[in-house]
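Okay, here's what each chain looks like letter by letter:
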Amino acid sequence: MKKNTKIYVISFSAFIISIIFMWSKGQSYNTELKDSYEKYQKINEILSSGENIEEAEKLLKDIEDDFIENPEIYLKKALVSVELEEYEEAEKFINKMFELEPRLENNTDVLNLYAQVLYEKGDIDKANAILNKVNELGKTSE
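Residues numbered from 1 in each chain as written. Predicted model: local features only at pLDDT ≥ 70, side-chain atom pairs only at ≥ 80, totals over all residues. Heavy atoms only, no water.

(A) Fine view of the packing of helix α3 (residues 71-83) against helix α4 (residues 87-100). Contact geometry of α3 with α4 gives a least axis separation of 8 Å together with a crossing angle of 165 degrees. As the angle between them shows, α3 and α4 are arranged roughly antiparallel. Judged by the twist between their axes, the crossing of α3 over α4 is left-handed. Contacts between α3 and α4 pair Pro71, Tyr74, Leu75, Lys77, Ala78, Ser81 and Val82 from the former with Tyr87, Glu89, Ala90, Phe93, Ile94, Lys96, Met97 and Leu100 from the latter. (Axes fitted to C-alpha atoms, helices over the stretch in contact; angles between N-to-C directions. Helix = DSSP H or I, 4+ residues; strand = E, 2+ residues; numbered from the N terminus. Parallel < 35°, antiparallel > 145°, perpendicular 65-115°, else oblique. Left-handed = near helix turned anticlockwise from the far one by under 90°. Contact = heavy atoms within 4.5 Å.)

(B) Quick peek at unusual backbone geometry. A positive phi angle is found at Asn52, which is not glycine, with a value near 60 degrees. Along the chain, Asn52 turns up in the loop between α1 (3-49) and α2 (53-63). Using a relative accessible area of 45% as the deciding quantity, one classes Asn52 as partly exposed. Even without being a glycine, Glu85 presents a positive backbone phi close to 60 degrees. Note that Glu85 resides in the loop between α3 and α4. The class for Glu85 is exposed, based on a relative accessible area of 60%. (Buried < 20%, exposed > 50% of the residue type's maximum accessible area, 1.4 Å probe, protein only.)

Below, the structure is given as C-alpha cells:
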C-alpha cells in the first residue's frame, strides 16, 4: 500500500470513529435529558396532588445537576419546601429565583408564594408589603 493511501485510510478511520463516538454521546445525552424531563413532569404531578412531597424533593435533587441554574427549578424547590413546611429553605429558593430572573419580582404568583412563606415565618410586615405590591401590580395590569 502506498504511503498516501495508508494516511488516507488511517485518517478516514479516525474520522469514522470520532463520528460514532459523537453519535453515541448524543444518544446518551438524549436519554439523560428524557429521563430528567420525565422526572420534572412527575414533580409537577406530585405538586398538583399534594401527596408524596418527599418523592418530589428526591426527584428535584436528582435533576438539579442536569439543568443550568434555572428559576423554574428553584420555584419547584420552593413549592416543595412550602409543602414540607421548610420556610427558610423556601425563602432561599425564592430569593435565588429573583437573583437569576429579576423580572419575577413583578410576577404576582411568585410574590403571593413569597408572601405566604414570609407569613409562615412570622415576618408579617414584610408579607404585607409584598401583598401590597401584588395589589399595585394588579391595578396596573387592568
